[in-house]
Each structure stands twice: as structure tokens, then as C-alpha cells.
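This is what each chain is made of:
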Amino acid sequence: MITKYAVEARTDTETLDDGTKVGGEPTGAFWMTQANSLAASKEVLNTHKGLSGDALAAYMDTYFVKAWAHFDVNQTGKIEVIKMPQFMRFLASDQYMTLGESG
């Protein structure tokens with residue numbers, strides 16, 4: 001999930017008096033945007049639930065926005081990548097789905 005879909009947060013950048021820009025270093029915090037989560041969800045539902053084509057599109061149209069709103073309660077447009085296993089289980093309505101996460 002991290003290597004294929006997540007976006008790493010970066011520190012703020014600022015421009016110094018001489019025009020040099022500083023900052024923008026990676027923070028180690030990984031986030032999922034709504035667009036990245038949509039793409040990841042389609043992959044997970046296809047591989048773990050066998051949904052594809054029109055069935056997948058109908059399922060996503062029905063449930064994705066609700067699942068996203070459930071996890072992005074502050075409407076920031078992103079959720080922590082570490083919450084994606086819970087997100088996927090919620091979206092799939094299968095709390096016992098094995099996703100291969102560690103821990």
C-alpha cells in the first residue's frame with residue numbers, strides 16, 4: 001500500500017531572503033488521498049472479493065463515498081495509510097478479510 005498508493009508528507013518549505021528554498025524534506029508520515037484510496041480499493045475488491053467490471057463499478061458507486069466519509073471524519077481529504085486495512089474491511093463489509101498486513 002505504501003509503495004504503490006501512499007503519499008509521503010513533507011515539511012513546509014520557505015524561501016529565504018536570498019531566494020534559496022529550504023524545507024520540503026520527507027517526514028516519514030504516509031497518507032492516502034481519496035483518489036489513491038479509490039484506486040487501491042478497486043484493486044483490493046477485485047483480488048479479494050472477485051468484483052470487476054460493472055459489478056465493481058456499481059459496488060464502488062454505492063459504498064466508497066460512505067466508507068471514505070467514515071474514515072475522513074475531519075474532511076481533510078486524506079487518511080493515514082496505517083488505517084487502510086480497517087478501511088478496506090469496512091468497505092468490503094468483511095471484518096475477517098485477510099489482507100496480509102503485519103502485526
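Read on for a plain summary of the structure. Keep in mind the model is a prediction, meaning the values are calculated, not measured.

**Describing the overall build of the protein chain**
Consideration 1: Counting its regular elements, the protein chain contains three helices and five strands.
Consideration 2: Listed N to C, the secondary structure of the protein chain is β-β-β-β-α-α-β-α in terms of helices and strands.
Consideration 3: For 103 residues, the compact-globule formula gives about 13 Å, and the C-alpha radius of gyration of the protein chain, at 17 Å, lies well above that figure.
Consideration 4: With the C-alpha coordinates of the protein chain rotated into their principal frame, the extents come out at 55 × 30 × 25 Å.
Consideration 5: Looking at the 103 residues of the protein chain, the share that counts as buried comes to 27%.
Consideration 6: Put simply, of all contacts in the protein chain between residues at least 6 apart along the chain, 49% involve residues at least 24 apart.
Consideration 7: For the protein chain, the centre of its 9 positive side-chain charges and the centre of its 13 negative side-chain charges are spaced 8 Å apart.

**What to know about the environment of L99**
Consideration 1: As for its placement among the helices and strands, L99 is situated in the segment after α3 (84–92).
Consideration 2: Look at L99 and you get partly exposed, because its relative accessible area is 24%.
Consideration 3: Measuring from C-alpha to C-alpha, the distance between L99 and V44 comes to 8.6 Å, with 55 residues separating the pair along the chain.
Consideration 4: Setting aside residues no more than four positions away along its own chain, L99 makes contact with V44, H48, P85, M88 and R89.

**A word on the environment of V7**
Consideration 1: Along the chain, V7 falls in strand β1 (residues 7–10).
Consideration 2: Those residues in contact with V7 that sit more than four places away from it in its chain are A29, F30, W31, T33 and N36.

**Observations regarding the nonpolar core**
Consideration 1: M32, L45, M84, F87, M88 and L91 are the most contacted members of the largest nonpolar core, which has 21 residues in total.
Consideration 2: Secondary structure elements with two or more residues in this core: α1 (34–49), α2 (53–71) and α3.
Consideration 3: Broken down by element, the residue count for this core peaks at six residues, all from α2.
Consideration 4: When near neighbours in sequence (up to four residues on either side) are disregarded, L91 contacts S41, L45, Y59, M60, Y63, F64 and A67.

**What about the environment of L56?**
Consideration 1: If you trace the backbone, L56 turns up in helix α2.
Consideration 2: Distance from L56 to R89, taken between C-alpha atoms, is 16 Å for residues 33 residues apart in sequence.
Consideration 3: Once residues within four sequence positions are removed from consideration, L56 is found in contact with K42, L45 and L51.

**Comments concerning the side chain of D72**
Consideration 1: Within the secondary structure, D72 is located in the loop between α2 and β5 (78–80).
Consideration 2: One buried charge, D72, has no salt-bridge partner; the nearest side chain with opposite charge is K78, at 9.0 Å.
Consideration 3: The contacts of D72, once residues within four sequence positions are left out, are G77, K78 and I79.

Rules used in this analysis
- Residues numbered from 1 in each chain as written.
- Predicted model: local features only at pLDDT ≥ 70, side-chain atom pairs only at ≥ 80, totals over all residues.
- Heavy atoms only, no water.
- Helix = DSSP H or I, 4+ residues; strand = E, 2+ residues; numbered from the N terminus.
- Rg over C-alpha atoms; globule rule 2.2 N^0.38 Å.
- Buried < 20%, exposed > 50% of the residue type's maximum accessible area, 1.4 Å probe, protein only.
- Contact = heavy atoms within 4.5 Å.
- Lys, Arg positive; Asp, Glu negative; His and termini not counted.
- Charge placed at Lys NZ, Arg CZ, Asp CG, Glu CD.
- Core = buried A, V, L, I, M, F, W, Y, C linked by side-chain atoms within 4.5 Å.
- Salt bridge = Lys/Arg side-chain N within 4 Å of Asp/Glu carboxyl O.

Take it as geometry only, folks, not as evidence of what the structure does.
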